[in-house]
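Observations on the three-dimensional arrangement
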Amino acid sequence: MSPQRSRTILAAGLVGALATSLSLVAPSSALAGGGHHGGGHRAQLPKVPTMTGYGGAVASVDRDASQAGIDVLRRGGNAADAAIATAAMLGVVEPYTSGIGGGGFFVWRDGRTGRVTTIDGREAAPASFTDKAFIDPATGTPLPFTTAVNSGLSVGVPGTPALWQRVLDRHGTKRLGSLLEPAERKAVEGIVVDQSFHDLTAENEARFATFPETSRVFLRDGKAPAVGSRWNNPDIARAYREIRLHGVDSIYHGALGRALVAEARNPSAKDGVSVPKGQITMADLAAYRALDRQPTHARYRGLDVYGMGVPSSGGIAVGEILNLLEAYDQRTGRDLSEVSDAEYLHRFSEASATAFADRNRWVGDVPGVPTRELLSQGFANERACTFSESTALPRPVPFGSPDGAYAACAPAAGSTPAAPDGRSTTSLSVSDRWGNVVSFTTTIEQYGGSGITVPGWGFLLNNELTDFNFAPLAPGVPDPNLPGPGKRPRSSMSPTIILRDGQPYLSVGSPGGATIITTVAQVITEYLDRDKALVDAIAAPRLSSRNGTENAEQALLSSPEGAALRAQGHVLALQDPIGNAVAIRLLGHGKAEAAAETTRRGGGSAMVVRPTR
Ligand code: GLU
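The following refers to the structure shown. The shown structure was predicted, so the numbers you read here are calculated from the model rather than taken from an experiment.

When helices and strands are tallied, the chain shows 22 helices and 18 strands. Here the C-alpha radius of gyration of the chain, 23 Å, is about what a compact globule of 613 residues would show, namely 25 Å. Principal axes of the C-alpha set define a box for the chain whose edges measure 65 × 60 × 45 Å. Residues classed as buried in the chain amount to 62% of the 613 residues present. Intrachain contacts of the chain at a sequence separation of at least 6 include 73% that bridge at least 24 residues. Surface accessibility of the chain: about 20500 Å² in total, with carbon and sulfur atoms responsible for 53%. Here the chain contributes 59 positive and 59 negative side-chain charges, whose respective centroids are spaced 5 Å apart.

Laid out in structure tokens, this is it:
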């Protein structure tokens, strides 16, 4: 089905959802705590998973964060400004998923030039880091994953502050200081603890208790703060103030950086516990740059799909999945929009496993990654030749040879198993009235990152370096994702912007470690090919096939489609929830629909400046 047709159908299907969201817009007089976001006394918008209207849109996992972005748009800021305000608020109210101690990737569609560009704010390894950094010298074997997670060793040079500043230098109209202010106020005022915040804190109680400073900031008497209680973090407010006054130099050359380096190099764990020390130095901080990168590009259903290139594998893997799905259409003579739900999920699983085989073999922060070939339709057509409509390929699917010379079917080249991975992170989408569009995914890797809080400054340090493979995944097969000096660990983050005839069409992103790739690809295909409204494409039960591990949410596991997949040889394991997606679709003439989760992790927050029916 053409995007045009789906757009028409879906617009009709949205009326009910919109009526629900609009009826929830409270009058400003009824909004307790209004005016805390620098938006004067303007109304605060409700927390709903979909909203349509004009003037710009924001979708994030949190109401305060989306509101912070909307307030910036209302005051005349553009999508870049709003994205940074939203991200800064997330760093306060969602401190376990992102923040100034982490990194991220920013994809931007420019309303003036029509071009899509990206900025890489990925954390970097210290200059001293070698490919043996995670090998225990005593045993010669890799450190246990959890030992590496909860350590100074896994702390990469934070990229988020430099990324925020570069985004504003490149695309913004406001000063970073003004965009941090609402978040700083919120940090002092605090949040009312909801179930999701409580649960995430409770899950981390034991490891947070390992680090007295983390315990002091995030726990109350050693426990997760109770649902309904107020939790605040004056220390992060102090850090934001420091950045407001002294700029991001305070991280890369100043007081915040010195505190961060001291703590990562010598983490203050509780008595009797010793954790691996970090290698990061002030010179590493000073050398860090957020980098402009070429976006990845794939064509799908006549649309242009732009994503994040190396050091992320997200844009490459999402694009390859989409190319493979088109190749399956050709091979079978049946379009993805025409098949049953079970057939759709089978195709999606096979495409995902195949793309993971290729990204594991070919993608990392090394020279010469064959991005263009991995994203070519010729490569996908060759890779699709083993596809069967009735049977799952044995896992692991071997990787292919993206060498530019494609036959009907190439011999299998070898295989690599999957590596462990985190499940944290957050993504946000923003659009404005000038045709600028953002998809921005940002992380500290695990929920709660390394578990180490910078003393006196209230923010958690990332454990992003555990995204490196600690040792080669398979003997004799080159591994592009081994640690190295100054190297950026391979990511799965997949902030994505789709254009239609050069005009903005869709912005999508999600957290979830390696499942990010499958979640983003699934939302895109559920929306484009499966006749779903955007909010329903996000809500659909998820499948994440990663060439070895194949996870499904409960709703899918216990459905007839789950049974059909198992009958074809898919080995499904429960993971629930998978991802926490957000999206914006651009409807033309300045109209946009923001969409977020309906129920996963308590639901997300979709907002527009001027809602309409
Ligand atoms: N560190 C992961 C990556 O960059 C993201 C963390 C997560 O979402 O769990 O792919």
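Moving on, we come to the state of the cysteines. The final tally for this structure, using the stated rule, is one disulfide. Covalently, Cys385 is tied to Cys409 through a disulfide, its sulfur atoms 1.7 Å apart. Given an S-S torsion of about 60 degrees, the disulfide between Cys385 and Cys409 has right-handed geometry. One end of the pair, Cys385, is in the loop between α18 (377-383) and β9 (426-431); the other, Cys409, is in the loop between α18 and β9, with 24 residues separating them in the sequence.

Moving on, we come to the pattern of salt bridges. If you walk through the whole model with that rule in mind, you get 33 salt bridges. In this structure, Arg244 engages Glu184 in a salt bridge whose closest nitrogen and oxygen atoms are separated by 2.6 Å. Here Arg244, found in helix α11 (residues 234-246), pairs with Glu184, found in helix α7 (residues 176-189); they are 60 residues apart in sequence, far enough to count as distant. By relative accessible area, Arg244 is classed as partly exposed at 23%. The exposure class assigned to Glu184 is buried, which follows from its relative accessible area of 12%. With a shortest N-O distance of 3.1 Å, Glu389 and Arg334 are connected by a salt bridge. With Glu389 in the loop between α18 and β9 and Arg334 in the loop between α15 (314-332) and α16 (341-362), the pair connects residues that are 55 residues apart, well separated along the chain. Judged by relative accessible area, which is 28%, Arg334 ranks as partly exposed. Linked through salt bridges whose partners overlap, the residues forming this network are Arg301, Glu326, Asp329, Arg334, Glu343, Arg347, Glu389 and Asp529.

This next bit is on the packing of aromatic side chains. One pass over the full model with this rule turns up 19 aromatic pairs. Considering the side-chain rings of Trp164 and Tyr240, the 6.3 Å spacing of their centres and the 90 degrees angle between planes classify their relative orientation as edge-to-face. Residue Trp164 is located in helix α6 (residues 160-171), and its partner Tyr240 is located in helix α11; the two are separated by 76 residues in the primary sequence. For Trp164, a relative accessible area of 2% puts it in the buried group. Relative accessible area serves as the criterion here: at 1%, Tyr240 is assigned to the buried category. Considering the side-chain rings of Tyr252 and Tyr288, the 5.9 Å spacing of their centres and the 10 degrees angle between planes classify their relative orientation as stacked. Of this pair, Tyr252 sits in helix α12 (residues 249-252) while Tyr288 is found in the loop between α14 (282-287) and β6 (291-293), placing the two residues 36 residues apart along the sequence. For the pair formed by Tyr252 and Tyr288, the shared burial category is buried. These aromatic residues form a ring-pair network of at least three members: Tyr96, Phe197, Phe208, Phe218 and Trp231.

This part is about the nonpolar core. Phe106, Trp164, Tyr240, Val430, Phe440 and Phe459 are the most contacted members of the largest nonpolar core, which has 157 residues in total. Looking at which element gives the most residues to this core, the answer is helix α4 (residues 79-93), with twelve residues. In this view, Phe440 contacts Ala83, Ile84, Ala87, Phe105, Phe106, Leu163, Trp164, Thr426, Ser427, Leu428 and Pro495; residues no more than four positions away in its chain are not counted. In terms of nonpolar packing, the next biggest core, distinct from the first, is built from ten residues, Ala125, Phe134, Leu143 and Phe470 among them.

To continue, consider unusual backbone geometry. Apart from glycine, the bulk of residues carry a negative phi angle, and the bulk of peptide bonds sit in the trans form. A cis amide bond links Arg395 with the next residue in sequence, Pro396, at an omega value of -5 degrees. Structurally, Pro396 can be placed in the loop between α18 and β9. Residue Pro577 follows Asp576 across a cis peptide bond; omega there is 0 degrees. In this structure, Glu445 is a non-glycine residue whose phi angle is positive, near 80 degrees. On the secondary structure map, Glu445 appears in the loop between β10 (437-443) and β11 (496-500).

Bringing the site of the ligand into the picture now. Neighbouring the ligand are 15 residues; Ser424, Glu445, Glu464, Asp467 and Gly513 lie closest to it. Note that an oxygen atom of the ligand is positioned 2.9 Å from one of the side-chain N or O atoms of Arg122. Contacts to the ligand include Ser492, whose backbone N or O atom sits 2.7 Å from an oxygen atom. For the ligand, whose unbound accessible area comes to 290 Å², protein coverage reaches 100%. Its residues assigned to classes, the shell around the ligand shows two nonpolar, eight polar and five charged.

A few words now on the sheet that holds strand β13 (residues 543-545). Spatially, the three strands line up as an open sheet ordered β13-β14-β15, and their pairing is mixed. In the strand order of this sheet, the two ends are held by β13 and β15 (573-574), each with one partner. Of the strand pairs in this sheet, β13 and strand β14 (residues 550-552) are connected by three bridges, and their pairing is antiparallel. Its bridge partner being in β14, Ser545 is matched across the sheet by Glu550. On the sheet, α16 packs against β13 and β14 and is oriented at approximately 35 degrees with respect to β13.

Closest axis-to-axis distance for the α15/α16 pair is 9 Å, and the angle between their directions is 130 degrees. Classed by the angle they form, the pair α15 and α16 counts as oblique. The handedness of the crossing between α15 and α16 is right-handed. Together, Ala317, Glu320, Ile321, Leu324, Leu325, Tyr328, Asp329 and Thr332 of α15 and Arg347, Phe348, Glu350, Ala351, Ser352, Thr354, Ala355 and Asp358 of α16 make up the contact between the two elements.

Criteria and cut-off values
- Position numbers for residues count from 1 along each chain, tracking the sequence in the order it is written.
- Where local features are concerned, this predicted model is filtered to residues with pLDDT of at least 70; where side-chain atom pairs are given and counted, the filter is 80 or more; whole-chain, interface and lining totals use all residues.
- For the side-chain quantities, the full set of heavy atoms in the structure was used; hydrogens and water were omitted.
- Working definition: helices are DSSP H or I runs of at least four residues, strands are E runs of at least two. Numbering for both runs from the N terminus.
- For the radius of gyration, the atom set is restricted to C-alpha positions; the globular benchmark scales as 2.2 Å times the number of residues to the power 0.38.
- Only protein chains enter the accessibility calculation, which uses a 1.4 Å probe; a residue is then buried when its area is under 20% of its type maximum, exposed when over 50%, and partly exposed in between.
- A contact between two residues is defined here by any heavy atoms of the two lying within 4.5 Å.
- Residue-level accessible areas treat just the shown protein chains as cover; the underlying method is Shrake-Rupley with a 1.4 Å probe.
- We score Asp and Glu as negative and Lys and Arg as positive, and we do not count His or the chain ends.
- Here the site of a charge means NZ on Lys, CZ on Arg, CG on Asp, or CD on Glu.
- By convention in this document, the label disulfide applies to cysteine sulfur atom pairs within 2.5 Å.
- When a carboxyl oxygen of Asp or Glu is within 4 Å of a side-chain nitrogen of Lys or Arg, the pair counts as a salt bridge.
- The rule is short: rings of Phe, Tyr and Trp, with Trp giving its six-membered ring, pair when the centres are within 6.5 Å, and they are stacked under 30 degrees, edge-to-face over 60, tilted in between.
- For the purposes of this section, nonpolar cores are sets of buried Ala, Val, Leu, Ile, Met, Phe, Trp, Tyr and Cys residues that join through side-chain atoms within 4.5 Å.
- For each residue, the test is whether any non-hydrogen atom lies within 4 Å of the molecule or strand; if one does, the residue is near.
- Contacts described as polar in this section are N or O atom pairs within 3.5 Å, which, within protein, must combine one atom able to donate a hydrogen with one able to accept it, while residues neighboring in sequence count only if both atoms come from side chains.
- All residues other than Ala, Val, Leu, Ile, Met, Phe, Trp, Tyr, Cys, Pro, Asp, Glu, Lys and Arg, Gly among them, are scored as polar; the first ten of these are nonpolar and the last four charged.
- When DSSP locates at least two bridges between a pair of strands, those strands are taken to pair.
- For helices, the axis comes from a line fit to the C-alpha atoms of the stretch in contact; other axes are also lines fit to C-alpha atoms, and the angle between any two N-to-C directions lies between 0 and 180 degrees.
- Roughly parallel here means an angle under 35 degrees, roughly antiparallel means over 145, roughly perpendicular means 65 to 115, and every remaining angle is called oblique.
- Crossing handedness is defined as follows: a turn of the near helix away from the far one that is anticlockwise and smaller than a right angle gives a left-handed crossing, while the clockwise case is right-handed.

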